[in-house]
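The residues making up each chain are set out below.
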Amino acid sequence: MEEIKKMKFSVLTEKGHAEVRERNLPEMGPDDVLVKQLACNICTTDYGQWLGLREHQGYPMAGGHEESGIVMAIGEDVKDLKPGDHVAVAYDSCGKCEACRRGQESMCTGADYKNLSEDGYRGKFGFANYNVRQARTLVKMNPDLDPSEAAFLEPLATVCKGVDKLRLQPFETVVVIGAGTMGLVNAQAAKARNCRVIVTELMEKKIQTARAMGFEVVDVSAGDPVEQVKKLTDGKGVDAVIVAVGNTGANTQAVQMLKKVDGRVLLFAAGYPAPRIETDSNELHYRRIELIGTFGADMKDFFEAARLLNTGAVDMSKLVEPEKFPLDRIQDAFAAASVPGKYRVSVLLNE
Ligand SMILES: [Zn+2]
Ligand SMILES: [Zn+2]
């Protein structure tokens, strides 16, 4: 095999402009792995910056963080990966700081959070045909999984963390507000825990997708979603609500959809400007309501996400848009991802 020394990658140079460049691959250390990256999905964070909405992330941005691929070569100290293994990528972490040693890798203080490469790029080089990764950030994936679906490891890991914090129990009833990508990933994770899942949504395309996945759907355009949820639960309300859209109305409905006492709300999504929750502390007090926040994922969540994907307990196939783009068409891929109502647009990195 010819030695691979260079990587081709997408870089966002300014709002609305992504281009493909080439650079030398980083040196492989003893704990590193050379990965042939197959697919990277475009997350809101990525196309938000392309649209000019999240420019605080800085330029030049060699972004992308939802990727999967195949191990090509391993460093001499790598133990549990071998060439040919299919993998997806978790967050960088040092493994040595206190947060890492507690299993809170998402709070790592040792990893390079500026994500600034020696040659001045920001980001994780997700949209790249090859990359050198720390072995500890790679999780083995089922080779039968489509690479664009294996790339759901990271978003699903953040969902696993949230569902864990929400303490969902089998046969509980949970509402997911919003049938966008992250809403339906949450809904799948809740279903994998044997919950009854009701999804609320306004947009017709998303309603169809949620139904095609087998969920009960409340069509918000057909009337007050709180009333509809109450009706579906014999007036009782639900055990838990996952809010997967960032707005005040959704947060407020969530509290109203809960059962009389001991209901829980998971605040999964951020919104800009920051949403509020219209309730008062007496209501939380007397109804014994829990408001739970979640963000990011730790290694244990990545491994749980891999187990769900690898065993087919969740199915992401309907959350990948059928039109996929080669790396050379990264501009078209960002444009497609920016159309409202899109599920994940996948960039194929070696085609
Ligand atoms: Zn993401
Ligand atoms: Zn650390």
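Anyway, here's the lowdown on the structure attached to this text.

Rules used in this analysis
- Residues numbered from 1 in each chain as written.
- Chains lettered and ligands numbered in written order.
- Predicted model: local features only at pLDDT ≥ 70, side-chain atom pairs only at ≥ 80, totals over all residues.
- Heavy atoms only, no water.
- Helix = DSSP H or I, 4+ residues; strand = E, 2+ residues; numbered from the N terminus.
- Rg over C-alpha atoms; globule rule 2.2 N^0.38 Å.
- Contact = heavy atoms within 4.5 Å.
- Areas by Shrake-Rupley, 256 points an atom, 1.4 Å probe, with all protein chains shown as cover.
- Lys, Arg positive; Asp, Glu negative; His and termini not counted.
- Charge placed at Lys NZ, Arg CZ, Asp CG, Glu CD.
- Buried < 20%, exposed > 50% of the residue type's maximum accessible area, 1.4 Å probe, protein only.
- Donors = N, O, S within 2.8 Å, 3.2 Å for Na, K, Ca; no water.
- Arc of directions from axis to C-beta.
- Pairing = 2+ DSSP bridges.

### Brief notes about the overall build of the chain
From N to C terminus, the chain includes 11 helices and 15 strands. Relative to the compact-globule value of 20 Å for 351 residues, the chain shows a C-alpha radius of gyration of 21 Å, a close match. Along the three orthogonal principal directions, the C-alpha set of the chain runs to about 65 × 40 × 35 Å. Summarising the internal contacts of the chain: among those between residues at least 6 apart in sequence, 70% fall at separations of at least 24. Accessible surface, the chain as shown: approximately 16,300 Å² in total, 50% of it carbon and sulfur. Computing the positive centroid from 44 side-chain charges and the negative centroid from 50, the chain places the two 4 Å apart.

### Here we look at the side chain of S68
In this structure, S68 sits in strand β4 (residues 67-74). Overall, S68 belongs to the buried group, its relative accessible area being 3%.

### What to know about the coordination of the zinc ion (ligand 2)
C94 (SG), C97 (SG), C100 (SG) and C108 (SG) make up the full set of protein donors to the zinc ion (ligand 2), lying at 2.3 to 2.4 Å. Within one chain, the residues serving as donors to the zinc ion (ligand 2) are arranged as C-x2-C-x2-C-x7-C. Taken as a pair, C94 in the loop between β5 (86-89) and α2 (98-101) and C108 in the loop between α2 and β6 (130-134) lie far apart in primary sequence, 14 residues in all. A relative accessible area of 22% means that C94 is categorised as partly exposed.

### So, the coordination of the zinc ion (ligand 1)
The zinc ion (ligand 1) binds to the protein through C43 (SG), H65 (NE2) and E66 (OE), with metal-donor distances spanning 2.1 to 2.5 Å. Donor residues binding the zinc ion (ligand 1) come from one chain and are separated in sequence as C-x21-H-E. On the accessibility criterion, E66 (1% relative accessible area) is buried.

### Focus on helix α6 (residues 204-212)
Looking at α6, one finds that the buried residues are K206, I207, T209 and A210. On an axial view of α6, the arc spanned by its buried residues comes to 165 degrees, and they lie on one face. Considering only its buried residues, α6 is in contact with α5 (181-192), β9 (196-201) and β10 (216-219). Remark: G214 follows α6 within two positions and exhibits a positive phi of approximately 95 degrees.

### So, the environment of V159
Relative to the assigned elements, V159 resides in helix α4 (residues 153-166). Taking relative accessible area as the criterion, V159 reaches 0% and is therefore assigned buried. In sequence terms V159 and A135 are 24 residues apart; their C-alpha atoms lie 23 Å from each other. Discounting chain neighbours no more than four positions away, the residues touching V159 are M182, V185, N186, A189 and F268.

### Quick notes on the pairing of β4
As judged from the seven bridges shared by strand β3 (residues 32-42) and β4, these two strands associate in the antiparallel manner. When the bridges of β4 are listed, C40 appears paired with E67. Strand direction decides the pairing type here: β4 and β5, joined by three bridges, are antiparallel. Paired with I70 across the two strands is H86, which belongs to β5.

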